[in-house]
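Overview (structure and organization)
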Amino acid sequence: MHGSGDVEITRVIGIEEAGEGDLTFISNKKYFPYLKTTRASAVILAPEIQPPSMPTLRTPNPYLAFARAIEFFYRPPEPEPGIHPSAIIHPEASVGEGVRAGANAVIQRGARIGAGVVLYPNCTIYPHAQIGDGTVIHSNAVVREYVRIGMRCVIQNGAIIGGDGFGFAPAGDGTYHKIIQSGIVVLEDDVEIGANTTIDRATVGETRVRAGAKIDNLVQIGHGCEVGENSVLAAQVGLAGSTSIGKNVILAGQVGAAGHLHIGDNARATAQSGIPASVDAGATVSGYPAIDNTLWRKASVLFPRLPEMQKRIRELEKLIEELKTMLQEK
Amino acid sequence: MHGSGDVEITRVIGIEEAGEGDLTFISNKKYFPYLKTTRASAVILAPEIQPPSMPTLRTPNPYLAFARAIEFFYRPPEPEPGIHPSAIIHPEASVGEGVRAGANAVIQRGARIGAGVVLYPNCTIYPHAQIGDGTVIHSNAVVREYVRIGMRCVIQNGAIIGGDGFGFAPAGDGTYHKIIQSGIVVLEDDVEIGANTTIDRATVGETRVRAGAKIDNLVQIGHGCEVGENSVLAAQVGLAGSTSIGKNVILAGQVGAAGHLHIGDNARATAQSGIPASVDAGATVSGYPAIDNTLWRKASVLFPRLPEMQKRIRELEKLIEELKTMLQEK
Amino acid sequence: MHGSGDVEITRVIGIEEAGEGDLTFISNKKYFPYLKTTRASAVILAPEIQPPSMPTLRTPNPYLAFARAIEFFYRPPEPEPGIHPSAIIHPEASVGEGVRAGANAVIQRGARIGAGVVLYPNCTIYPHAQIGDGTVIHSNAVVREYVRIGMRCVIQNGAIIGGDGFGFAPAGDGTYHKIIQSGIVVLEDDVEIGANTTIDRATVGETRVRAGAKIDNLVQIGHGCEVGENSVLAAQVGLAGSTSIGKNVILAGQVGAAGHLHIGDNARATAQSGIPASVDAGATVSGYPAIDNTLWRKASVLFPRLPEMQKRIRELEKLIEELKTMLQEK
């Protein structure tokens, strides 16, 4: 703590909007200039930054402190307690203690819902799915048959966990024969799945998202994929079938990865990269097809200069022709 | 009007399919050649086009006239009047005059639904959401807690307005701490949101889509973004968090924009562009990473000629070696 | 058959996971090396591959044989028979023999549901939609007004068939006038539509997906498009309006195609291609903008060598300057 502890805080907000009574934070250096002009009453900062005149909370992890401050000031509305009378729960389903199920939620035959699970209105649990203690399933999400979801997961609205994988065998006459997708999806503990994301069940075996992985909206995870512990997939990422992703990997928005490849632990891919082949642990890749990020940056800077490069080649050809003539004339 | 006014029109249709009794239009010049062969009974054209022999309605805005003609011939089925007995409306929700709510629609505690709103079957309104007069929410769309939607908006099926933003603070041990998304989404008046599009609530403050903006299907709008008045986002566009888009911007299909940047008024991005940094008002950008469109076109034409360029460089190197030898021998 | 027919098979599984009692298969040559190490009890192989020592079923189409083997060992849970009491069926809808409708499924006025159709819980059928015999509609999918779906189709969860096309006429003052989307969507027989995919209704006329086409998750098909027989669109593909795709076309993941163009029969586009113009029948295209695949591969290999190419041009310029000086001095 630096500065007066007397200031009254009523809200937590971003630095651009902050005014009197607001607590704000900076972790992205893009926002340093705002430190001089903000009217916030207090700010959370990393220790290496020169504290401004206002009251300052300095911490090695300003973003985490900011997260905790938000929790202090805001709680989302509590879901209604108990099972809403319009929820449809199959008599052969099992429902744990303290489960809350909203209006028109549907739990089908043989499903097992752990203690303290929250099912928001209009979500649908297929037969024999299992949902671990404390998990939250938002409205209009779907959990398909035999899928297993761990504890403390959050499934945002409209996410589809366990839809059929995209598997069709060419029948030989141009038509396709649907391959029954007999496998499942397993989400381990503490996984978050974004709105309208789709995670396909495996053809055989399982599609698995390991503990702590965070997956954003509108992501596609094909059948038989594996996403490693604490890996992060940003919005609109697509993984073709049987792709495996290591631990602590970060794929930025709209990245696509071909099937049957491996992305090593701690690897990163920048936005819109198209990954055609396996990526080494710790590598950062970019581009289409994806290559080493440093190389890609250098080449990308030159791409707009292709017309100039072509012109220089043409001039060299002319010059050399002239030189040749001069030389022959001597 | 040009030509006979006696012709009977029974349908409005595209020029390729048009036959006797059909009214058609041309605004895209790709379709000019069809003017000579169409069997349509009448056509809507811009004044600068030479009218064909058939009856012609000439107007400076043929596309708008076509839109009005469709309205004359077709009305979608009226939603059922009143509140369906299976709809679940929380006693503490407020529902305006003339609201229609379809089967199994769910309106939760504290939500406020304006006059004349249409809620199609199976849509879900979370606690304390507000929906302005005359707005239409299609089946399986979700409006999350505290979200505010303006008047005369259209929310297509499966759209998720106000799902949690993708915010996680690294806890230091590889795992992530979920940051409660305490902000809201505001859609101003006359906004349209496409099917299965996701618009995330802000971490703090708001995500805002300004009046008249039109957003297509499967678009991702991250937490804290702002989309300006009358801007148009085509299908599968993705905006990372805290991106702000000016007025009358057009982003074509599958464009991605990184976070914390600004796209100026009237800017355009062609399909699949990847926008890494702010874009000036009025600019047109393309490519990955996105650059000026004219430059991009010139460079793109040369990309397939890279093998030839490399060959020419190699030949130049050989020639210069020869010249050098010749010169030294003289 | 090759080897002992006595071995007992209890499961079908991928070659990496296979153990005793498992039947597996190889069709992708990436997996040939596993043949030597697998502990599977039997394997399905193409006739041209040298059979291993284990029992082997050889067939010209191992993938199809594998599909049939899965059907032998696994059946998804049967949907509950009959109409669930909570399903809402409009008295003016028609429902064929043997239809199963799950909890909270909604069938609106004038819809016609063919014999043996399965409607999973929480799906919504709009007025006057028609669904052919034997089609399966998964939970939270939506079929909009007047849409026509053929026989034996599968609509995965959350798919939206017939949402409004993205059509707005500029009103001249910066705002847009919504064009009523008066057309329909037609899905012919044996079509599969993936989870959260959106297929827009036409402005006028129809959007059509022809018999046997297979469309993966999160795909966007714009208004007025046509997808030909047995064509395959992988996840996150986007087609702008009025694009027509021939027969047996394959578009890989995240491909985008601009509007008003034609992709010929048997054409292919590799992942993330951006298709700006029509593609010839039988062609394979790649890149952004998409060009011939062979050319694209050659050019792509050189893209990372742009810095080196530029350096070589600079050196050539220096060398030629030196030669010129030498020559002038002679």
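Provided above is the structure to which this section pertains.
What comes next is a walk through the structure.

**Here we look at the overall build of chain A**
If you tally the helices and strands in chain A, you get four helices and 36 strands. What you see for chain A is a C-alpha radius of gyration of 27 Å, clearly larger than the 20 Å of a compact globule of 330 residues, by over 25%. For chain A, the C-alpha atoms occupy an extent of roughly 105 × 75 × 30 Å along the three principal directions. Expressed as a percentage of its 330 residues, the buried residues of chain A come to 56%. Sequence-distant contacts in chain A: of pairs separated by 6 or more residues, those separated by 24 or more amount to 18%.

**Quick word on the sheet that holds strand 1 (residues 11-12) of chain C**
All names here are of chain C. The strand order across the open sheet built from four strands is 1-2-3-4, with neighbouring strands paired in parallel fashion. Sheet topology places strand 1 and strand 4 (56-58) at the edges, where each strand pairs with a single neighbour. In this structure, strand 1 lies alongside strand 2 (residues 22-25), joined through two bridges in parallel fashion. Each residue of the ladder has a partner; that of Val12, found in strand 2, is Leu23.

**Some thoughts on the relation of the copies chain B and chain C**
You can overlay chain B on chain C at an RMSD of 0.0 Å; the transform is a turn of 120° with a shift of 0.0 Å along its axis. One copy is carried onto the other by what is essentially a three-fold rotation axis.

**Description of the interface of chain B and chain C**
Each side of the interface is counted separately: chain B has 59 residues, and chain C has 60 residues. Elements that contribute at least two residues to the side of chain B that touches chain C include exactly helix 2 (62-73) and helix 4 (306-329) of chain B. With eleven residues, helix 4 of chain B is the largest single contributor of residues to the side of chain B that touches chain C. Grouping the amino acids of the side of chain B that touches chain C by side-chain chemistry returns 27 nonpolar, 23 polar and nine charged.

**Description of the packing of helix 4 of chain B against helix 4 (residues 306-329) of chain C**
For any two helices packed against each other, one specifies the crossing angle of their axes together with the interaxial distance. In the contact formed by helix 4 of chain B and helix 4 of chain C, the axes pass within 10 Å of each other and the chain directions differ by 25°. Relative to helix 4 of chain C, helix 4 of chain B is oriented roughly parallel. In terms of crossing hand, the pair formed by helix 4 of chain B and helix 4 of chain C is left-handed. Contact residues: helix 4 of chain B offers B:Met309, B:Gln310, B:Ile313, B:Leu316, B:Glu317, B:Ile320, B:Leu323, B:Lys324 and B:Leu327, while helix 4 of chain C offers C:Met309, C:Arg312, C:Ile313, C:Leu316, C:Leu319, C:Ile320, C:Leu323, C:Met326 and C:Leu327.

**Thoughts on unusual backbone geometry**
Residue A:Tyr288 is joined to A:Pro289 through a cis peptide bond whose omega torsion reads 0°. Of note, A:Pro289 is situated in the loop between strand 35 (284-287) and strand 36 (290-292). Positive phi outside glycine occurs at C:Ser242, with the angle close to 60°. Take C:Ser242: it is sitting in the loop between strand 28 (238-239) and strand 29 (244-245). The buried category is assigned to C:Ser242, around which 25 C-beta atoms lie within 10 Å.

**Quick look at the nonpolar core**
With 288 residues, the main nonpolar core has A:Val143, A:Ile161, B:Val143, B:Ile161, C:Val143 and C:Ile161 as its most contacted residues. In contact with B:Val143, other than residues within four places in its own chain, are B:Ile125, B:Tyr126, B:Ala129, B:Ile131, B:Ile137, B:Ile149, B:Ile161 and B:Gly162. B:Trp296, B:Ile320, C:Ala299 and C:Ile320 belong to the second largest nonpolar core, which has 27 residues in total.

**Comments concerning the sheet that holds strand 30 (residues 250-251) of chain A**
Residues and elements named next belong to chain A. Read from one edge of the open sheet, eleven strands run 7-10-13-16-21-24-27-30-33-35-36, paired in mixed fashion. In the strand order of this sheet, the two ends are held by strand 7 (100-101) and strand 36, each with one partner. Direction of pairing for strand 30 relative to strand 33 (residues 268-269): parallel, over a ladder of two bridges. Within strand 33, the residue paired with Ile250 across the bridge is Arg268. With respect to the sheet, helix 3 (residues 293-302) is in contact with strand 35 and strand 36, its orientation differing from that of strand 36 by roughly 105°.

**Some details on the interface of chain C and chain A**
Contacts between the two partners involve 59 residues from chain C and, on the opposite side, 59 residues from chain A. Going through the elements one at a time, helix 2 (62-73) and helix 4 of chain C are the ones with two or more residues in the side of chain C that touches chain A. Here the element with the most residues in the side of chain C that touches chain A is helix 4 of chain C; it accounts for eleven residues. Tallied by class, residues from the side of chain C that touches chain A come to 27 nonpolar, 23 polar and nine charged.

**Considering the pairing of strand 2 of chain C**
All names here are of chain C. Neither face of strand 2 is exposed, since Asp22 and Thr24 on one face and Leu23 and Phe25 on the opposite face are all buried. As judged from the three bridges shared by strand 2 and strand 3 (residues 42-45), these two strands associate in the parallel manner. Bridge assignment links Thr24 to a residue of strand 3, and that residue is Val43.

**Some remarks on the environment of C:Val186**
Structurally, C:Val186 can be placed in strand 20 (residues 184-187). Those residues in contact with C:Val186, other than ones at most four positions away along the chain, are C:Arg148, C:Glu206 and C:Arg208.

Cut-off values and rules
Residues numbered from 1 in each chain as written. Chains lettered and ligands numbered in written order. Predicted model: local features only at pLDDT ≥ 70, side-chain atom pairs only at ≥ 80, totals over all residues. Helix = DSSP H or I, 4+ residues; strand = E, 2+ residues; numbered from the N terminus. Rg over C-alpha atoms; globule rule 2.2 N^0.38 Å. Buried ≥ 20, exposed ≤ 12 C-beta atoms within 10 Å, placed from the backbone. Contact = placed C-beta atoms within 7 Å. Pairing = 2+ DSSP bridges. Least-squares fit on C-alpha atoms with pLDDT ≥ 70 in both. Nonpolar A, V, L, I, M, F, W, Y, C, P; charged D, E, K, R; others polar. Axes fitted to C-alpha atoms, helices over the stretch in contact; angles between N-to-C directions. Parallel < 35°, antiparallel > 145°, perpendicular 65-115°, else oblique. Left-handed = near helix turned anticlockwise from the far one by under 90°. Core = buried A, V, L, I, M, F, W, Y, C linked by C-beta atoms within 7 Å.

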